[in-house]
Amino acid sequence: MDFLKRFGKRLGFMVLTMIAMSFLIFFLVEIMPGDVAQTVLGQSATEESVAALRARMGLDDPFHLRYLRWAGGFIRGDLGESLYMRGVQINTIFWRKVGHSIILALTALLFYVPLSLFFGVLAGVKAGKVTDSIISFFGLATMALPEFVSGIILITIFSVRLKLLPITSIIPIGENLWQNLNILFLPALSITFVMFGYVSRMQRSSMITVMKADYIRAAILKGMPRNYVIFRHALKNALLPTITIIGMNMGWLFGGLIVVETLFGFPGLGSLTMSAIKTRDIPLIEACVLFITFIFVLSTFITDMMYAYLNPRIRFKRGDV
Amino acid sequence: MKRQILILASLFAIAAMVFAGGQQDTEEKMILKVAEQVPNLITPGSWDGQAFSLNGSIYDYLIEMDADTGELVPALATDWSTPEGKVWTIKLRKGVKFHDGSAFTSADVKFTLERTQDPDLGHLKAQDFEILEKIETPDDHTVVITLKEPYPTFNFIFTDYNMAILSSEYDYVSKGESAPMGTGPFKLENLIPKESALLVKNDSYWAAGLPKADELRIYFVPDIDSSVSLLEAGQVDIVPQISPVIKRRLEALDGFKVLSPYQESRFIAMAQDREPFSDNKVRLAFKYTMDPEILAKACQGTLGKEIFYNETPIVNGLAQYKEIPFRGRDINRAKELLAEAGYPNGLTVEFFYASDHPYGTDIAQTVKELAAPAGINLDLKGFPRDIYLSQHWLNGPMLLTGWGVRVDPSMLLMLAYHSEGPWNESHMNNPRVDELIEMIRGEVSPQTRQGYYDELQDIFQEEGTVINLQVPYLVGVSNAVKDYRQPVTMLPQLKYATIE
């Protein structure tokens, strides 16, 4: 019951955050320098034609009306029309790229979660030994490299030297992403570089804390096999902080890969956002940013719920949630 | 343990899937693959010049230019004539069909020309066609255009990249960029905005045997380095608009060549309506600091061969060009002029340019070094090209902008040097120049017209607001590409190209 109550309350907060954020995004885009009608018509447009277009696009209506129209469209699933490519519905561009980004994010998760958990546990169990030092050093080194540096290193090794993988992640015309899964490899690997150090170090330190706990000592002294103790007793408890970290980075992973996607030319949400900003395609910027916000809010919500589910102290706590 | 083995096995399976992703290319079809910059607007009349391969293939023009000789050749118009430049009779090709199957008629030409005056569109040729008085269509294949005043070189406007002939039945307001359609050699089969376009051969194209390729695949790639990577990896065959540095890189590799189909201009514009260039002495002082040889080297070329330096906007290749010897670099004279203009201790001025445009950064940095000894300190403001064009171009006190060649120079003069020109980037305001431009447009006699051109170029030399560096436009192609044609109209004629 408490869990359900917590769920309801968090869901309410999530909706409130979204409303507040949508207002903020609309307001920020509103105060951005430059006039939309002027942008559409170009530098040589006359005053009258700019005024006429403003009226036709409904730009002369009061702020709250325009906000409600825009937000209403979003709720109905109508993301509007691109400003830079007239007649092109944002829905026709947007969801394809979102799909690509989700596939990339899942691939990256598949790469870095097992890797960093495994090495994090290993380093935690072997704390202070050579294995630990090597893993920690490698983790620190990859963490310190920004993704545009690690990306270029990966391109040099896998594409230029070994010629194994494509440099640019384009999808050949007439094919889809599923037929070209190899284009996911390098972007996912460079995300792994960024996340590995972060997650494995978190896993290592929580593993060390848990391994020192009395119940683990008791289990070992009772003569239980070491691996059984590590994987059955210690790991479950040591996973909690790591899950929070992974969850908190979900938003970034699903919507904020602007650098990685731009570097590899990957046709996802990040590169779409970048191109929308570069071309000042306001409805597209709004759609991208609002969607990324949604992903962030949603991933925080899910993490929260998972944490509550995994941690009985929160799950069964009475009273305040 | 079993479960762990299962997890490991599935991870391997997924990794194998990732690596297995390959592409089976379609056999026997001749496919041209181009990497082009991401087009923003592709509607003819308002595009900014980055979708040439796409638009030059979907649409046709009334008149084309022969890429080798530079002569005007019939396309959708088979014949054009005028007694004294005021009334133009244009005969249209018969039996031409739009991609939707509808017939091409004089109504479509009338629609295309009248559309330039639509105030909601911001058409880039609006000013050029203000001269229209009436357009008559006596039959389906004849258009009679009456101008308000004579304009003997009016026909050249039809080669402009914005003057693609559109269908009068197409709903441009609602369909816009989602389904561009014309009479061109290739039909748009599938467009994924900001990603790629698939075009297929137009089987009912009016020119027999054309296009030669079966398919045209265009990838919209945001930056030139990625485009060149695709070329090197064999994923595309043609990459237009590469920089001279990339040219050297490609020439060092086997299997690629760099074509230079025509020359284009880089104009250094000095705004006449604001300090310090409002004083002609400052403009002259700046011109005295230039060194064409060094500028040519900065552009990786040889002066007089690939690179040309002028202080007028008329380019060397055109008949209207007047040879004026270079004034010579003279730092002392530049200093004197600056002192006379009230800047004995030199001056600082902001210089805006597109840092990612070929030659942009090379020219800007070299010009800064050349001007410095005279006390002219250029504060370099480089921006990505889209930001430069949308925010700084037409506003800054000093600009470096890439310009394509207009076949009839009066088109360029009207656009950029007439005081009321929409792209008057140097804010030039010289009554005599305005008068000469208008006389050039109305003059029937080529000799008299050339006289006006000569006077104009002398004025530019002494009082002008521009330095014109002519640089080669470069296209990187794989050796398999044959017969790539691109005349100075800037539109690639991919209908001739083949892959061997």
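Since the structure is predicted, the reported quantities are computational estimates derived from the model, not experimental observations.

A. Looking closely at the overall build of chain B. Of the regular secondary structure elements, chain B holds 14 helices and 19 strands. A compact globule built from 500 residues would reach a C-alpha radius of gyration of about 23 Å, and chain B, at 25 Å, matches this within 12%. Seen through its principal axes, chain B has C-alpha atoms that stretch 90 × 75 × 40 Å. For chain B, the proportion of its 500 residues judged to be buried stands at 49%. Once local pairs closer than 6 in sequence are excluded, the contacts in chain B between residues at least 24 apart make up 70%.

B. How the structure looks around the overall build of chain A. When you go through chain A residue by residue, the secondary structure sums to 15 helices and zero strands. With the principal axes as the frame, chain A shows a C-alpha extent of 85 × 60 × 35 Å. For chain A, the proportion of its 321 residues judged to be buried stands at 36%. Across chain A, the fraction of contacts at a sequence separation of at least 24, relative to all contacts at a separation of at least 6, is 71%.

C. The arrangement of the packing of helix α1 (residues 2-30) of chain A against helix α4 (residues 63-75) of chain A in detail. Residue and element names in this part refer to chain A. At a closest axis distance of 11 Å, the pairing of α1 and α4 adopts a crossing angle of 125°. Relative to α4, α1 is oriented oblique. Here α1 runs over α4; the crossing is right-handed. Counted together, Ser22, Phe23, Phe26 and Glu30 of α1 and Phe63, Tyr67, Trp70 and Ala71 of α4 form the full contact between these two elements.

D. Representation of the sheet that holds strand β5 (residues 87-92) of chain B in the model. Residues and elements named next belong to chain B. Strand order in the open sheet formed by four strands is β4-β5-β7-β6, with antiparallel pairing between adjacent strands. Looking at which strands have only one partner, the edges of the open sheet turn out to be β4 (77-81) and β6 (132-139). Neighbour-to-neighbour, the strand axes of this sheet turn through a mean angle of 20°, independent of strand direction. Pairing geometry for β4 and β5, over four bridges, is antiparallel. Along β5, the bridge assignment pairs Ala77 with Leu92. Across the face of the sheet, helix α3 (residues 106-115) comes into contact with β5, β6 and β7 (142-147) while running at roughly 170° to β6.

E. Layout of the packing of helix α7 (residues 280-288) of chain B against helix α9 (residues 331-340) of chain B. All names here are of chain B. In contact at an axis separation of 8 Å, α7 and α9 are set at 165° when each is read in the N-to-C sense. Classified by the angle between their axes, α7 and α9 sit roughly antiparallel to one another. Here the hand of the crossing between α7 and α9 comes out left-handed. Residues Lys281, Val282, Leu284, Ala285 and Tyr288 of α7 form the contact with α9, whose own contacting residues are Arg333, Ala334, Leu337, Leu338 and Glu340.

F. Just the nonpolar core, in detail. Cys288 of chain A together with Tyr61, Leu62, Leu76, Ile238, Ala285 and Ile363 of chain B are the most contacted members of the largest nonpolar core, which has 187 residues in total. In terms of residue count, the dominant contributor to this core is helix α8 (residues 182-211) of chain A (12 residues). Residue contacts for Ile363 of chain B: discarding those within four places in its chain leaves Arg266, Leu295, Ala298, Cys299, Leu400 and Leu469 of chain B. If you look at the next biggest cluster of nonpolar residues, it comprises seven residues, including Leu117, Val210, Ile230 and Ala234 of chain A.

G. Up close: helix α14 (residues 282-310) of chain A. The end-to-end C-alpha distance of α14 of chain A is 42 Å, a good match for the 42 Å that 29 residues give at a rise of 1.5 Å each. Among all positions in α14 of chain A, only Ile282, Leu284, Ile285, Glu286, Ala287, Cys288, Val289, Phe291, Ile292, Ile295, Ser299 and Ala308 of chain A are buried.

H. Structural view of unusual backbone geometry. All names here are of chain B. For the bond running from Leu210 to Pro211, omega is -5°, close enough to zero to count as cis. Mapping Pro211 onto the fold places it in the loop between β9 (196-201) and β10 (215-220). Of note, the amide linkage connecting Glu275 to Pro276 takes the cis form, showing an omega dihedral of 0°. Secondary-structure assignment places Pro276 in the loop between β12 (256-270) and α7. With a phi close to 80°, Met490 is a non-glycine residue in the positive phi region. Relative to the helices and strands, Met490 resides in the loop between β18 (481-482) and β19 (498-499).

I. Molecular detail of the confidence of the model for chain B. All names here are of chain B. Summary statistics for chain B give a mean pLDDT of 87 and a share of 93% for residues scoring 70 or more. Across chain B, element-level confidence peaks in helix α10 (residues 360-371) with a mean pLDDT of 95 and bottoms out in helix α1 (residues 2-20) with 56. Considering only residues more than four positions removed or in separate chains, one finds that residues 18-26, a stretch of pLDDT under 50, has 13 contacts. Complex prediction metrics read pTM 0.79 and ipTM 0.72.

J. Quick look at the pairing of strand β17 (residues 466-478) of chain B. All names here are of chain B. Here β17 lies mainly inside the structure; 12 of its 13 residues are buried. Two elements, strand β11 (residues 238-240) and β17, share three bridges in a ladder whose sense is antiparallel. Looking across to β17, one finds that Val239 is bridged to Gly476. When β12 meets β17, the two strands line up antiparallel, connected through 12 bridges. Bridge pairing in β17 places Leu259 opposite Val475. Direction of pairing for strand β13 (residues 308-310) relative to β17: antiparallel, over a ladder of three bridges. Its bridge partner being in β17, Phe308 is matched across the sheet by Gln470.

K. Representation of the environment of Ala354 of chain B. With respect to the element layout, Ala354 of chain B can be found in strand β14 (residues 347-354). What Ala354 of chain B contacts, discounting residues up to four positions off in sequence, is Gly360, Phe383, Pro384, Arg385 and Tyr388 of chain B.

L. Structural detail: the environment of Thr293 of chain A. Residues and elements named next belong to chain A. Relative to the elements of secondary structure, Thr293 occurs in helix α14. Taking the C-beta count within 10 Å as the criterion, Thr293 has 19 such neighbours and is therefore assigned partly exposed. Sequence-wise, Thr293 and Ser275 are 18 residues apart; in three dimensions their C-alpha atoms are separated by 18 Å.

Reading guide: rules and limits
Residues numbered from 1 in each chain as written. Chains lettered and ligands numbered in written order. Predicted model: local features only at pLDDT ≥ 70, side-chain atom pairs only at ≥ 80, totals over all residues. Helix = DSSP H or I, 4+ residues; strand = E, 2+ residues; numbered from the N terminus. Rg over C-alpha atoms; globule rule 2.2 N^0.38 Å. Buried ≥ 20, exposed ≤ 12 C-beta atoms within 10 Å, placed from the backbone. Contact = placed C-beta atoms within 7 Å. Axes fitted to C-alpha atoms, helices over the stretch in contact; angles between N-to-C directions. Parallel < 35°, antiparallel > 145°, perpendicular 65-115°, else oblique. Left-handed = near helix turned anticlockwise from the far one by under 90°. Pairing = 2+ DSSP bridges. Core = buried A, V, L, I, M, F, W, Y, C linked by C-beta atoms within 7 Å. Expected span 1.5 Å × (residues − 1). pLDDT = per-residue confidence, 0-100.

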